[in-house]
Amino acid sequence: MSQTSKNTRTLIGRVVSDKRAKTVTVLVERRNAHELYGKIVARSSKYHAHDEKGEFKMGDLVEISEGRPISKTKSWTVTRLVEKARLV
């Protein structure tokens, strides 16, 4: 189902919730300079991503790609596992 096209946006983030069926919540953090003061500030966004088999767990680092809307809040799909969550 994951169709890779040339102009699909992809992001890498950490799974912060896997409670919903076939859905994971992915936190994507980016660091950029403040517009006025120039200080490096960490900004973050949460995305709901489709996980058909329910294989990704909390703490996993995953890559998500944008696609057609799957539900009201979901238009991203998990494409691959970058790093498995470490056991504490």
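Only a predicted model underlies this, so the values are computations on that prediction, with no experimental measurement involved.

A.B. asks: Hey, could you run me through the sheet that holds strand β5 (residues 74-83) in this one?
C.D. replies: Paired through backbone hydrogen bonds, the strands of a sheet run either parallel or antiparallel to each other. Spatially, β1-β2-β3-β5-β4 is the arrangement adopted by the five strands of the closed barrel, whose pairing is mixed. Taken over all neighbouring pairs, the strand axes of this sheet differ in orientation by 50 degrees on average, direction set aside. Pairing of strand β1 (residues 10-17) with strand β2 (residues 23-33), which is carried by three bridges, proceeds in the antiparallel orientation. Looking at β2, one finds that Ser17 is bridged to Thr25.

A.B. asks: I tried to follow the packing of aromatic side chains on my own but got confused; where do I start?
C.D. replies: Any aromatic ring pair is given by two values, namely how distant the centres are and how the planes are angled relative to each other. Scanning the entire structure with this criterion turns up one aromatic pair. Ring geometry for Tyr47 and Trp76: centres 5.0 Å apart, planes at 55 degrees, overall tilted. Taken together, the residues span a long stretch of sequence, with Tyr47 in strand β3 (residues 40-50) and Trp76 in strand β5 at a distance of 29 residues.

A.B. asks: Just checking my understanding: could you explain the side chain of Lys74 for this structure?
C.D. replies: Position of Lys74 among the secondary structure elements: in strand β5. If we ignore the near neighbours within four places in the chain, the residues touching Lys74 are Lys22, Thr23, His48, Ala49, His50, Arg68 and Pro69.

A.B. asks: How should I be thinking about the nonpolar core in this particular structure?
C.D. replies: Of all hydrophobic cores here, the largest spans ten residues; its members are Val15, Val24, Val26, Val28, Ala49, Phe56, Val62, Ile64, Trp76 and Val78. Secondary-structure elements contributing two or more residues to this core are β2, β4 (61-66) and β5. The greatest single-element share of this core, amounting to three residues, is contributed by β2. The contacts of Val28, once residues within four sequence positions are left out, are Leu11, Ile12, Gly13, Arg43, Ser44, Ser45 and Tyr47.

Thresholds, definitions, all that
- Residues numbered from 1 in each chain as written.
- Predicted model: local features only at pLDDT ≥ 70, side-chain atom pairs only at ≥ 80, totals over all residues.
- Heavy atoms only, no water.
- Pairing = 2+ DSSP bridges.
- Helix = DSSP H or I, 4+ residues; strand = E, 2+ residues; numbered from the N terminus.
- Axes fitted to C-alpha atoms, helices over the stretch in contact; angles between N-to-C directions.
- Phe/Tyr/Trp six-rings, centres within 6.5 Å; stacked < 30°, edge-to-face > 60°.
- Contact = heavy atoms within 4.5 Å.
- Core = buried A, V, L, I, M, F, W, Y, C linked by side-chain atoms within 4.5 Å.
- Buried < 20%, exposed > 50% of the residue type's maximum accessible area, 1.4 Å probe, protein only.

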